[in-house]
Structures are given as C-alpha cells and as structure tokens.
Amino acid sequence: MIKVTSFYKFFPITKNLLSNLKKKLEEKGQVLKIRGLILIGEEGINATFSGETQSLEEYKDYLNNLFKQDFIYKNSYSNKWNFKLLSIKIKPEIIKIGKVYPQLQESTNRHLTAEEWENRINKNPQIVDIRNIYEVNIGKFNQAKNLQIESFKEFPQKIENLKLDKNEDTLIYCTGGIRCEKALKIMEDKGFKNIYQLKGGILSYLEHYPNSHFQGECFVFDHRVALDQNLHPSKKYSLCPHCGQPGNLSIDCNHCYKKAIVCSICLKKQAYYKTCSKNCAYHYKSGHKCYIKHTKKEIHASKE
C-alpha cells in the first residue's frame, strides 16, 4: 500500500531562493523514491506526493525543516503509484486564479473544523461549492450551491452571478482547502461579511464524518481519480480517455472492441467517442479497420 499526503501553506518565499529550494526538494525526493507534484512560489507551497510510509514520513520532516514550517498533512492511501515521478515546479501562483497573493495568510479564524462544519450545516446555512463542475458531479454536500465553473479562474465572476446575500453567513469548501483561501479573500474584497471555509476541505471532513452530509466521492488530481467515503481509491471512476475527466460508463470500443470507461459527456457527443483511446477514436472516425488480433474468447467477453 502506497501512502499519499497533500498539504499547502501560504507564506512568503523570497524569489531568489526558489531555484535552490527546488533543487533540494528534487535531490531528497529522489533519494527517498518520492513521487508526486510540488508547486512552490512566492505565495508558498502546494503539494501532493506519495511513497513508502517510512520514506514519506522522512520527506515530511525534511520539508518542515527546510521551510521552517509545521505543515498540516492530509493522508490517504493508494494500492498503486498515483504519480509516475516527482515533479517540482516553480509557479507564480500555487493555485491558479490569475492573481498573485504573495502576502496571503490563511484566515485561521474563518476555518471550521470538521466537527464545527457538521454542526453548522445541520442548521441549513448558505453553502457554496467552489470546485469545478466535473468534481461536483461525482460528489458534493447536497445543500451546496454549484457555481458551474470549468476552471477556478472563473470563480470571481461566477460568485457574483450567484446573487448571494453578502450579509448572511456563507460556508465554502473545496477538496483540500487551498482554493478556499483565495476564494475567501476574493469574496471579502467583493463585500461578503461572514465567510467560513471547511478546514482541510472534503478530505478532512471524510476522515471524521464518512457517510454523513457529503454524498458521493471526492475527486482528486492524480491517477486514483477519486476517493470514496473511507478515503480509499475509487472503484467506480476512471479518467475518460478523451477529455481526462472522471467517467464511470462502461463501453465496448467501436474500433478495437475492448472494454473501456468513458464519461457521459463524451459519450453523448459523437459515435467515435465510444472508443477506448484517442488513437481508436481517430481510426474509427477515419473509417480505418482494426487489425488488432483478438481471440474468440476476448471478443465474446467484450460484447457481453
């Protein structure tokens, strides 16, 4: 079993230190055989990475000492590697929305623990899901308003379009909390008075309250695709080979007859999306014959 951890923190990092920090993170990660994605910038750090338990814990300690921070890690597990390698990237924004906040500090007085969140939502407050539409489609708090966004960059405009009462308490949430940090600041700038975010996001909530108010599964940005109510890798969703979004519809490829999983959106578009890959979609659309040889048993199984 592979251990996976994610965390973020907004704190100022001097620009001329970034290249050296990147090099150190890469070198230590290679020694410990860590895989994942770590974004660093003048805003702070945003990371998801995985490894064998002992190596992962050692890498966490290294990160705390290197940045002189006490990061709060959210842990889960995978039955296989969820990243192919370790990638360290220097970015202007550690979560992209189109505006850099180098001095942004987490609004800890506006963070609700999982227990506080559970108590609040029982009172039917104003809740907003700030995630992308494909994330919302596979799991959400049913009381939450959906912004119908394709990208977080759309948030500033979409939150205005929602026509919420800016004087009423407003609860916001995302996967792990990082998007809420910027969303909260943007909403304050737009005149919202009482905004609160779910500390640690859905991942933290499910750790304490599985099978409660959150319905469905939680999308994650790695090869696990989603986590179920017990934070186990999804057995329901796979990445659609055509758009890269979560899908759960089983099909027989129109070109090579192999079974595959695609999303409902692609399946509704054209017949060539009823294929197992972009390559098969191209050949089917072009009218090419499939020369892949299958045994009779394989072909029969694919058509059951």
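Because the structure is a prediction, the values reported are computed rather than measured.

**Q** How do you make sense of the layout of surface pockets when you look at a structure like this?
**A** One water molecule sets the probe size; rolling that probe over the atoms shows where empty space is left. In this structure, the largest pocket encloses a volume near 950 Å³. As for the largest pocket, its lining consists of 38 residues, and the residues nearest its centre are Leu-39, Asn-46, Ile-94, Ile-95 and Phe-221. Listing elements by their share of the lining of the largest pocket, those giving two or more residues are strand S1 (2-10), strand S2 (35-41), strand S3 (44-51), strand S4 (74-78) and helix H6 (178-189). Element by element, the count of residues in the lining of the largest pocket is highest for S1, at 4 residues. Its residues placed into classes, the lining of the largest pocket shows 18 nonpolar, 10 polar and 10 charged. Its volume calculated, the second largest pocket comes out at about 450 Å³. Considering the residues around the second largest pocket, the lining is formed by 22 residues, among which Tyr-8, Ile-72, His-111, Lys-199 and Gly-200 are closest to the centre. Of all the elements in the fold, those that place two or more residues in the lining of the second largest pocket are S1 and helix H7 (201-208). Looking at the lining of the second largest pocket element by element, the count peaks at 4 residues for S1. Within the lining of the second largest pocket, the residues separate by chemical class into 7 nonpolar, 8 polar and 7 charged.

**Q** Help me understand the environment of Thr-5, please; the structure alone is not making it clear to me.
**A** Summarising the element assignment, Thr-5 is placed in strand S1. Owing to a relative accessible area of 1%, Thr-5 belongs among the buried residues under this scheme. With 50 residues separating them along the chain, Thr-5 and Ser-55 place their C-alpha atoms 12 Å apart. When near neighbours in sequence (up to four residues on either side) are disregarded, Thr-5 contacts Ala-47, Thr-48, Phe-49, Leu-56, Lys-60, Tyr-73, Lys-74 and Asn-75. At 3.5 Å, the side chain of Thr-5 and the backbone oxygen of Lys-74 are in polar contact.

**Q** Is there a simple way to think about the sheet that holds strand S7 (residues 126-129) in this case?
**A** The pairing of strands in a sheet happens through backbone hydrogen bonds and is either parallel or antiparallel. Strand order in this open sheet of 5 strands is S6-S11-S10-S7-S9, and the pairing throughout is parallel. Each edge of the open sheet carries a strand with a single partner, namely strand S6 (111-112) and strand S9 (145-146). Looking at chain direction, S6 and strand S11 (residues 195-198) are connected through 2 bridges and run parallel. Note on S11: the bridge partner recorded for His-111 is Gln-197.

**Q** Would you explain the packing of helix H1 (residues 18-32) against helix H2 (residues 53-67) in this entry?
**A** Each packed pair of helices is defined by two parameters, the angle between the axes and the distance between the axes. Closest axis-to-axis distance for the H1/H2 pair is 10 Å, and the angle between their directions is 160°. Classed by the angle they form, the pair H1 and H2 counts as roughly antiparallel. Remark: the crossing between H1 and H2 carries right-handed chirality. Packed against H1, whose contacting residues are Leu-21, Lys-24, Leu-25, Lys-28, Gly-29 and Leu-32, the element H2 presents Ser-55, Glu-58, Tyr-59, Tyr-62, Leu-63, Leu-66 and Phe-67 at the interface. When the residues that make up the contact of H1 with H2 are grouped by side-chain class, the tally is 8 nonpolar, 2 polar and 3 charged.

**Q** Would you mind showing me how to read the pairing of strand S17 (residues 249-252) here?
**A** The side chains of a regular strand alternate between both faces of the sheet. One ladder, built from 4 bridges, connects S17 with strand S18 (residues 259-262); its direction is antiparallel. Looking across to S18, one finds that Ser-250 is bridged to Ile-261. Here S17 folds back onto S18 in antiparallel fashion, the turn holding 6 residues, of which Tyr-257 has a positive phi close to 75°.

**Q** Please explain the pattern of salt bridges as it appears in this structure.
**A** A pair can form between side chains of opposite charge whenever their charged atoms are brought close. Under the defined criterion, the tally for this structure stands at 16 salt bridges. For the salt bridge of Lys-28 with Glu-58, the shortest nitrogen-to-oxygen distance reads 3.4 Å. Here the residue Lys-28 occupies a position in helix H1, and Glu-58 occupies one in helix H2, the gap between them amounting to 30 residues. Among the salt bridges present, the one from Lys-60 reaches Glu-57, with a minimum N-O distance of 3.2 Å.

**Q** Is there a simple way to explain unusual backbone geometry in this structure?
**A** Negative phi characterises most residues that are not glycine, and trans characterises most peptide bonds. Non-glycine residue Leu-231 carries a positive phi angle of around 65°. Secondary-structure assignment places Leu-231 in the loop between strand S14 (226-227) and strand S15 (238-239).

**Q** How should I be thinking about the environment of Gly-287 in this particular structure?
**A** Locating Gly-287 in the fold gives a position in the loop between helix H9 (278-286) and helix H10 (296-302). Sequence separation between Gly-287 and Glu-57 is 230 residues; the distance between their C-alpha atoms is 53 Å.

**Q** Teacher, can you tell me more about the sheet that holds S4 here?
**A** In spatial order, the strands read S4-S1-S3-S2-S5; together these 5 strands make up an open sheet with mixed pairing. Each edge of the open sheet is held by one strand with a lone partner, namely S4 and strand S5 (86-90). Mean inter-strand twist for the sheet, computed between neighbouring axes without regard to direction, equals 15°. Across 5 bridges, the pairing between S1 and S4 is antiparallel. Across the sheet, Ile-2 pairs through a bridge with Ser-78, a residue of S4. Sitting on the sheet, H6 touches S1 and S3, and the angle it makes with S1 is about 20°.

How each quantity is defined
- Residues numbered from 1 in each chain as written.
- Predicted model: local features only at pLDDT ≥ 70, side-chain atom pairs only at ≥ 80, totals over all residues.
- Heavy atoms only, no water.
- 1 Å grid on protein atoms, 1.4 Å probe; cavity = no way out; pocket = protein on both sides within 12 Å on 5 of 7 lines; lining within 4 Å.
- Points joined across faces, edges and corners; volume = space filled by probe spheres on them.
- Helix = DSSP H or I, 4+ residues; strand = E, 2+ residues; numbered from the N terminus.
- Nonpolar A, V, L, I, M, F, W, Y, C, P; charged D, E, K, R; others polar.
- Buried < 20%, exposed > 50% of the residue type's maximum accessible area, 1.4 Å probe, protein only.
- Contact = heavy atoms within 4.5 Å.
- Polar contact = N/O pair within 3.5 Å; in protein donor to acceptor, adjacent residues only side chain to side chain.
- Pairing = 2+ DSSP bridges.
- Axes fitted to C-alpha atoms, helices over the stretch in contact; angles between N-to-C directions.
- Parallel < 35°, antiparallel > 145°, perpendicular 65-115°, else oblique.
- Left-handed = near helix turned anticlockwise from the far one by under 90°.
- Salt bridge = Lys/Arg side-chain N within 4 Å of Asp/Glu carboxyl O.

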